[in-house]
Every structure is written in structure tokens, then in C-alpha cells.
Amino acid sequence: MTEKNAEGVRAAVAADVPAVAAVTDAAYRPYIERIGVVPQPMEADHAANVAAGKVFVTGEPVHGLVVIEACAGHLFLDSIAVHPDAHGTGVGRRLLHFVDARARELGLGEIRLYTNALMWENQKIYPKYGYEVVERRTDGPYDRIHYRKRLD
């Protein structure tokens, strides 16, 4: 068993790849019709991301995950996915707290992320956790709202 942090989050391992794909698919599939394209996290190379140490999971079986990447001066939160069966149980909150702790552990003072402009649920959630809107930008077929959170 891989070591978990205080939030019950651990680094994903190769055996988690099918669960990472399944949770990502379950979390993002409902948005396909609304946004008119497949959300980018559903098309990610989950095995490569796990092998690169970018994926962290929670739950037995896995019911939540984040994909993060350390960049120059910030931590990029590429994806957060919670299985619909776990909505409202605090999984997302625990994952966002983990991301904060991970950024601090890496000596990074800022977290950045973006969400599709039509995923309005996210636009209500992120500000509650200290994220502020930086800009709205179209990237290919995606209309995205970019956020940042500065850490103390």
C-alpha cells in the first residue's frame, strides 16, 4: 500500500490506471452534451500521467483524483475528478486541500487551473477555496476561465 497523507490522498500507481480512467470518465461525461466537445481530461493519457507522478488518488476503491504538475513558480491543477457517487461527501474538499499542501511542500506559492466556461458548477466552487479569476480565453474548441490561488 502506498503512503497516504492526512487527507487520505496517495500517489497513484500503475494498478490504479483503470480506476483513474473510470472516475475521470464518470466525472466528466455529463458535460459532453453541455459543452459540445469531449472534456480534455477524458482524452488524457492516464497511464503516462500516473507514470510521471502527476496523479494522486483517494478512496478504496478510488473515488476521487487530481492531476497536478509543478511548473515554474506555480502548481498547475490539470484535473480534479470525483465520482458522482461520492459527490457531497467532502472528497473534492480533501483533494483541494491536498493540492494546497502539495504546492507548499514543493515551495510553490501559487496554484493555477482552468475550467470550461459552461461548467458553471466549478465557477461557484473554486472561489470558495480562495481561487480568483485571472482571465477567460478560448483555447481551440474550449472556452476556459483561468483561475489562480496565491498561498500564504
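Residues numbered from 1 in each chain as written. Predicted model: local features only at pLDDT ≥ 70, side-chain atom pairs only at ≥ 80, totals over all residues. Heavy atoms only, no water.

Peer 1: For this particular structure, what's the right way to read the side chain of Ser 79?
Peer 2: Along the chain, Ser 79 turns up in strand S4 (residues 74-82). Within the local environment of Ser 79, its side chain forms a polar contact with the side chain of Tyr 28, the two groups lying 3.1 Å apart. Discounting chain neighbours no more than four positions away, the residues touching Ser 79 are Tyr 28, Pro 41, Leu 65, Val 66 and Val 67. (Helix = DSSP H or I, 4+ residues; strand = E, 2+ residues; numbered from the N terminus. Polar contact = N/O pair within 3.5 Å; in protein donor to acceptor, adjacent residues only side chain to side chain. Contact = heavy atoms within 4.5 Å.)

Peer 1: Got a minute to help me understand the sheet that holds strand S7 (residues 142-150) in this structure?
Peer 2: Two modes of strand pairing occur in sheets, parallel and antiparallel, and in both the strands are linked by backbone hydrogen bonds. Spatial ordering of the open sheet is given by S1-S2-S3-S4-S5-S7-S6, a layout of seven strands whose pairing is mixed. The sheet is open, and its two edges are formed by strand S1 (9-11) and strand S6 (132-139), each paired on a single side. For this sheet, the mean angle separating the axes of adjacent strands, direction not counted, is 30°. Packing against the sheet, helix H1 (residues 17-28) makes contact with strand S2 (55-58), strand S3 (64-71) and S4, and its axis sits at approximately 80° to S4. Running at roughly 165° to S4, helix H4 (residues 91-105) makes contact with S1, S2, S3, S4, strand S5 (110-116) and S7 of the sheet. (Pairing = 2+ DSSP bridges. Axes fitted to C-alpha atoms, helices over the stretch in contact; angles between N-to-C directions.)

On their own, these measurements won't tell you what the molecule is for.
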